[in-house]
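Listed here are the chains, written in short residue letters.
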Amino acid sequence: MTTRLTELSILFLSVAKWFLLAGIVGVLVGLSSTLFLILLRSSLALTQSFPYTFLLLPVSLALSGVMTARFAFRARGYGTEQVIRAIHQEGGKIHPRVIPVKFVATIVTIATGGSAGNVGPCAQIGGALCSAFGQFIRLEDVDRVRLVVCGISAGFAAVFGTPVAGALFAIEALWIGRLSYGALFPSLVAAFVGYQVTAYFGVAHVWPITPSVPSLSVPFFLSVGLAGVTFGVAAFIFVEMMGLGKRLSLLTKTSSVLTGVIGGSILIAVTFLFSDDYLGLGWMTVAHALKGDDLPWYAFAVKAVTTSVTLNFGGSGGILLPLCFYGAALGSALAHGLGLDPATFAALGLVSVLAGATNTPIAGIVLAMELFGPAIAPYAATSCAMSYLLTGHRSVIPTQLLHEAKSSSFALASQQEIERVTWAIKSRRSTFTKLFFGKRGSPDSSDE
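Just so it is clear, the model here is predicted, and its values are computed rather than measured. (Residues numbered from 1 in each chain as written. Predicted model: local features only at pLDDT ≥ 70, side-chain atom pairs only at ≥ 80, totals over all residues. Heavy atoms only, no water.)

(A) Expanded view of the packing of helix α11 (residues 283-291) against helix α14 (residues 342-358). It is the contact of α11 with α14, at a shortest axis distance of 6 Å, that shows an interaxial angle of 130 degrees. With respect to each other, α11 and α14 are oriented oblique. For the pair α11 and α14, the contacting residues are Val286, Ala289, Leu290 and Lys291 in the first and Pro342, Ala343, Ala346, Ala347 and Leu350 in the second. Residues of the contact of α11 with α14, tallied by class, amount to eight nonpolar, no polar and one charged. (Axes fitted to C-alpha atoms, helices over the stretch in contact; angles between N-to-C directions. Helix = DSSP H or I, 4+ residues; strand = E, 2+ residues; numbered from the N terminus. Parallel < 35°, antiparallel > 145°, perpendicular 65-115°, else oblique. Contact = heavy atoms within 4.5 Å. Nonpolar A, V, L, I, M, F, W, Y, C, P; charged D, E, K, R; others polar.)

(B) Quick peek at helix α12 (residues 299-312). Its 14 residues place the ends of α12 20 Å apart at the C-alpha level, agreeing with the 20 Å of an ideal helix rising 1.5 Å per residue. In terms of burial, α12 is largely enclosed, as twelve of its 14 residues are buried. Within the sequence span of α12, burial applies to Ala299, Phe300, Val302, Lys303, Ala304, Thr306, Thr307, Ser308, Val309, Thr310, Leu311 and Asn312. Looking at the buried residues of α12, the elements they touch are α2 (57-71), α4 (98-111), α9 (218-251), α10 (256-273) and α13 (320-338). Following α12 by one or two positions, glycine 314 adopts a phi angle in the positive range, close to 105 degrees. (Expected span 1.5 Å × (residues − 1). Buried < 20%, exposed > 50% of the residue type's maximum accessible area, 1.4 Å probe, protein only.)

(C) Seen up close, the side chain of glutamate 417. Within the secondary structure layout, glutamate 417 lies in the loop between β3 (410-411) and β4 (424-425). Reaching out from glutamate 417, the side chain makes a polar contact with the side chain of arginine 85 at a distance of 3.5 Å. A distance of 2.4 Å separates a polar atom in the side chain of glutamate 417 from a polar atom in the side chain of glutamine 89. Discounting residues that sit within four places of it in the chain, glutamate 417 has contacts with Arg85, Gln89, Pro398, Thr399, Gln400 and Leu401. (Polar contact = N/O pair within 3.5 Å; in protein donor to acceptor, adjacent residues only side chain to side chain.)

(D) Inspection of the pattern of salt bridges at higher detail. Applying the stated rule across the entire model yields four salt bridges. Note that arginine 85 is salt-bridged to glutamate 417, the shortest N-O span being 3.5 Å. One end of the pair, arginine 85, is in helix α3 (residues 80-89); the other, glutamate 417, is in the loop between β3 and β4, and 332 residues separate them in sequence. Residue arginine 85 is classed as buried on the basis of its relative accessible area of 14%. Here aspartate 141 makes a salt bridge to arginine 144, at a shortest N to O gap of 2.3 Å. Here aspartate 141 and its partner arginine 144 are both found in helix α6 (residues 141-160), three residues apart, which amounts to about one turn of the helix. Judged by relative accessible area, which is 3%, arginine 144 ranks as buried. (Salt bridge = Lys/Arg side-chain N within 4 Å of Asp/Glu carboxyl O.)

Next up, the structure:
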């Protein structure tokens, strides 16, 4: 009996400790996200009053690239992947210089038209604040890491307005095939508090449309299955596009200034060829897709190009919101082509591509319910799961660690960063895959 009471007391104290720490973190990240979002909104209001601000993109990408190269290399690119790298490799330590550099570099990038999001910066700035707070109160590595995870969840919730999905994203994005359950409770507390802080100041985003969802039927469910396959392949392509952009930027072998000038010039050319709808945050296009409005069928592809160029050629910002644009536009195009409801499939595309490209299917399902209501749950669950599987062993967050292969037909080394993982087909006695790719395995191989 004494042992049980001791166990219960320790757990109670742990809950109280993390309720307090996560609450403090939620306030810190909520305030930093509020400041960031207000400054970004003000900057966009200023620059969008001039129709040709995007002509400054070569200068802004060059400036962003120079800032991150000289002052805080970890502030370059998306943001989320750098926080996860710090969690896995550096005991949750993030240099405080990341905070001001990420602030300025992201605002400079997006305000002039760079195709990037605002979720990753909030998560990275929040993670850096949590790291500094953890070091200030002398937390051990394991606790400091948990605080940084809370920073991700609070940053996600502050922008999307979805605290449960934010908490799940933070604990799911660390590994592929594993959840960090120990961080679930503090992540939830931090996400709820962070969201409430930004909502109090009126900057938390409210999604404008809740699409109506058709009733369950066999034909509609088959359509959702087809959409899930499409979203998975699209997520696969998006990740590869980001990788291609990175390789092309490295091939230039130029200074940060010239790399930014090249990237900005490409974005200007794309804008004159199509329009400026594929620059910046892209909230309005997402809103139009969720209303069921007609979009150019190629909108998703152009957004993938502008995002890859922006984030690989010197720009700084997030990757999650561009993924939402890409998925919503693709879902809209698919629905219009098949004569389905475009608003519903835009919503499914938004969460499914995000779930696949970041390997966070559970967060994607909950995100769908928080944004669009519980009626979409069975369809979102189907398409998110399919997208997650079909994206394969790749991610827009290259610092995720692989914990478990997505199919038992693959031989993969676990606990490696996903960008470094190489795969091979496992030799097995009886498997559907061997009909196409493999030979009969050894007698002691298990059946699939």
